[in-house]
Amino acid sequence: MGQPTPRGPLHGVLVVALEQAVAAPYCSSRLADAGARVIKIERPEGDFARGYDGAAHGQSSYFVWINRGKESIALDLKQAADLALLERLIAQADVFIQNLAPGATARMGVGSEALRARYPRLITCDISGYGESGPLHKMKAYDLLVQAESGLVAVSGAPGEGVESLGRIGVSVCDITAGMNALIGIEQALLQRVSTGCGSGVQVSLFDSAAELMSVPYLQTRYGGKAPQRVGLKHPTIAPYGAYTCADGRDIVISIQNEREWVDFCREVLHEPELPQDPRAASNAARVANRTWLDDKVAAVFASLSSADLIDRLTAAQTAYGNVNGVHDLIAHPQFRTRRMPIGEKSVEVPALPWITEWDAAQFPPAPSIDQHGAALREEFASSAADPTAARDA
């Protein structure tokens, strides 16, 4: 028999997550992956992400992805008894995460500040669209809306004018980044509690998370005086760096990061060893200024070669490259790692975590059905079985 999987570093940490959609569930799922016990609070009809699609053997791909290993209890928080049960759960928790509309938990009497006053060791995490204050803090915030509001779409997409040239990033990048930032904040708060003995509050917004991703365009525009242009599958400030089409129709992205790489690329790939001496190509700034001329020259060489022959040249030059792959190519990619996850009597392969640790399990645990653990949790946290006046230590 194989060795048992070691307990994760968050074993013994209780997380109560009043959550829906993507950002908060992403955060709490990663806490569960690290060994935390995560109790997911759902509305009676369930997290609405359960209905996004039915691609994973009838279940939502979104829900399966970021709700594995959790316990589900359905609560109607308009009912006093269910709200009291939520309070008892939180009283025993180390971490409370919520991503309801701003002010919703405070109106129910379970706002973060009030909770931390009652339970000083509790760590709270509020995830919102635009923060807890400010003139737009009540705006609804879904991923594409925040991509647009933050300027992410303005620097993504193809050259040209009008909205048809703008590009949505093809995954829920604002939700995911907010979930990652919440995870970072919670883990820092857990570390701080070890030394201080006190909990703390973490606030994360989708807009702040997206705006932080925009740091380089922001700095270039505010202090450099010029916003980066949309250049499709090219780099706005480095050349050559982008996609070119081979004779067999395969698209390959290349990246030249310094002058040594440029010299090697000219010699081995373009077969023009004298090109780096041309004033139009003697530096990155010159190459960017003469991008059309340069791209035409590179594109002509790519178009004359099969992808296999081109890759041989790129390998000889030690030029960084990548294939422009589709999802089917990812599925068959030799570097793609997956992990099995049960769904009822069936199972799916899902992408493995991007970090490898000693406490990795052989497979992911399943995502819960609505209220799957409701009866057991109601019994465990019944008023006679839990003391709502003392927070639980990690």
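Refer to the structure above for everything that follows.
Residues numbered from 1 in each chain as written. Predicted model: local features only at pLDDT ≥ 70, side-chain atom pairs only at ≥ 80, totals over all residues. Heavy atoms only, no water.

Let's talk about the overall build of the chain
Next, step 1: Secondary structure summary: the chain contains 15 helices and 11 strands in total.
Next, step 2: In terms of its C-alpha atoms, the chain occupies a principal-axis envelope of roughly 85 × 55 × 40 Å.
Next, step 3: With 394 residues in all, the chain has 44% of them scored as buried.
Next, step 4: Considering only residue pairs separated by 6 or more positions, the chain has 68% of its internal contacts joining residues 24 or more positions apart.
Next, step 5: Here the chain displays about 20,000 Å² of accessible surface, and carbon together with sulfur accounts for 55% of that area.
Next, step 6: Computing the positive centroid from 36 side-chain charges and the negative centroid from 45, the chain places the two 3 Å apart. (Helix = DSSP H or I, 4+ residues; strand = E, 2+ residues; numbered from the N terminus. Buried < 20%, exposed > 50% of the residue type's maximum accessible area, 1.4 Å probe, protein only. Contact = heavy atoms within 4.5 Å. Areas by Shrake-Rupley, 256 points an atom, 1.4 Å probe, with all protein chains shown as cover. Lys, Arg positive; Asp, Glu negative; His and termini not counted. Charge placed at Lys NZ, Arg CZ, Asp CG, Glu CD.)

Description of the nonpolar core
Next, step 1: Val 15, Leu 31, Val 95, Ile 97, Ile 127 and Ile 186 are the most contacted members of the largest nonpolar core, which has 34 residues in total.
Next, step 2: Breaking this core down by element, the ones donating at least two residues are strand S1 (14-18), helix H1 (23-33), strand S4 (95-98), strand S5 (123-128), helix H7 (173-196), strand S6 (201-205) and helix H8 (206-213).
Next, step 3: Here this core takes eight residues from H7, the largest share from any one element.
Next, step 4: With residues up to four places along the chain from it excluded, the contact list for Ile 97 reads Val 15, Val 16, Ala 17, Leu 18, Ala 24, Cys 27, Ser 28, Leu 31, Cys 125, Ile 127 and Ile 186.
Next, step 5: Residues Ile 39, Ile 90, Ala 104 and Tyr 119 belong to the second largest nonpolar core, which totals 23 residues. (Core = buried A, V, L, I, M, F, W, Y, C linked by side-chain atoms within 4.5 Å.)

A few points about the side chain of Glu 71
Next, step 1: Checked against the element boundaries, Glu 71 lands in strand S3 (residues 71-74).
Next, step 2: For Glu 71, the side chain forms a polar contact with the side chain of Arg 37, separated by 2.7 Å.
Next, step 3: Every residue in contact with Glu 71, bar those within four places of it in the chain, is listed here: Arg 37, Val 38, Ile 39, Lys 40, His 373 and Leu 377. (Polar contact = N/O pair within 3.5 Å; in protein donor to acceptor, adjacent residues only side chain to side chain.)

Remarks on the sheet that holds strand S8 (residues 251-255)
Next, step 1: Strand order in this open sheet of three strands is S7-S8-S9, and the pairing throughout is antiparallel. For this open sheet the edge positions go to strand S7 (241-245) and strand S9 (320-323), each flanked by a neighbour on one side alone. Neighbouring strand axes in the sheet, compared pairwise and without regard to direction, differ in orientation by 25° on average.
Next, step 2: Of the strand pairs in this sheet, S8 and S9 are connected by four bridges, and their pairing is antiparallel. Bridging from a neighbouring strand, Ile 254 pairs with Tyr 321 of S9.
Next, step 3: Packed onto the sheet, helix H13 (residues 307-317) meets S8 and S9 and runs at close to 10° relative to S8. (Pairing = 2+ DSSP bridges. Axes fitted to C-alpha atoms, helices over the stretch in contact; angles between N-to-C directions.)

Description of the side chain of Arg 88
Next, step 1: As for its placement among the helices and strands, Arg 88 is situated in helix H3 (residues 80-91).
Next, step 2: For the buried Arg 88, no salt bridge is present, and the opposite-charge side chain at shortest range is Asp 82, 7.7 Å distant.
Next, step 3: Polar contacts involving the side chain of Arg 88 include one to the main-chain carbonyl oxygen of Phe 381, which spans 2.6 Å. (Salt bridge = Lys/Arg side-chain N within 4 Å of Asp/Glu carboxyl O.)

Topic: the environment of Gln 229
Next, step 1: For Gln 229, the position within the fold is in the loop between helix H9 (215-222) and S7.
Next, step 2: C-alpha separation for the pair Gln 229 and Ser 128, spaced 101 residues apart in sequence, amounts to 30 Å.
Next, step 3: Only 3.2 Å separates the side chain of Gln 229 from the backbone oxygen of Ala 227, close enough to count as a polar contact.

Observations concerning a nonpolar patch on the surface
Next, step 1: Together, Tyr 218, Leu 219 and Tyr 223 make up an exposed nonpolar region whose accessible area comes to about 350 Å².
Next, step 2: Position of Tyr 223 among the secondary structure elements: in the loop between H9 and S7.
Next, step 3: By relative accessible area, which is 59% here, Tyr 223 ends up exposed. (Patch = residues over 30% accessible without salt bridge, like charges linked within 9 Å, V, L, I, M, F, W, Y side chains within 5 Å.)

Regarding the pattern of salt bridges
Next, step 1: According to the stated counting rule, one finds 21 salt bridges in the structure shown.
Next, step 2: For the salt bridge of Asp 33 with Arg 30, the shortest nitrogen-to-oxygen distance reads 3.7 Å. Pair noted here: Asp 33 and Arg 30 are both in helix H1, with a separation of three residues, about one helical turn.
Next, step 3: Each of Glu 19, Lys 40, Asp 47 and Lys 70 takes part in one network of salt bridges that share partners.

Here we look at the packing of aromatic side chains
Between two aromatic rings, the relevant description is the distance of the centres plus the angle of the planes.
Next, step 1: All chains considered together, the criterion is met by seven aromatic pairs.
Next, step 2: An angle of 85° between the planes, with centres 5.0 Å apart, marks the rings of Tyr 52 and Tyr 62 as edge-to-face. Residue Tyr 52 is located in the loop between strand S2 (37-42) and helix H2 (61-66), and its partner Tyr 62 is located in helix H2; the two are separated by 10 residues in the primary sequence.
Next, step 3: Accessibility expressed as a relative area gives 29% for Tyr 62, which makes it partly exposed.
Next, step 4: Plain terms: the ring middles of Trp 262 and Phe 265 are 6.0 Å apart, the flat faces sit at 25° to each other, and that makes the pair stacked. With a gap of three residues between them, Trp 262 and Phe 265 both fall in helix H10 (residues 259-270), about one helical turn apart. Of the two residues examined, Trp 262 and Phe 265, each falls in the buried class. (Phe/Tyr/Trp six-rings, centres within 6.5 Å; stacked < 30°, edge-to-face > 60°.)

Comments concerning the state of the cysteines
Next, step 1: Scanning all chains against the criterion turns up zero disulfides.
Next, step 2: The thiol of Cys 27 is unpaired, and the distance to the nearest cysteine sulfur, on Cys 125, comes to 5.4 Å.
Next, step 3: Of all cysteine sulfurs, the one in Cys 266 lies closest to Cys 246, which takes part in no disulfide; the gap is 17 Å. (Disulfide = S-S within 2.5 Å.)

Concerning H13
Next, step 1: For H13, every residue scored as buried is listed here: Ser 307, Leu 310, Ile 311, Leu 314 and Ala 317. The arc that holds the buried residues of H13, viewed along the axis, is 125°, so those residues lie on one side.
Next, step 2: In the stretch just after H13, Gln 318 is the one whose phi turns positive, near 55°. (Arc of directions from axis to C-beta.)

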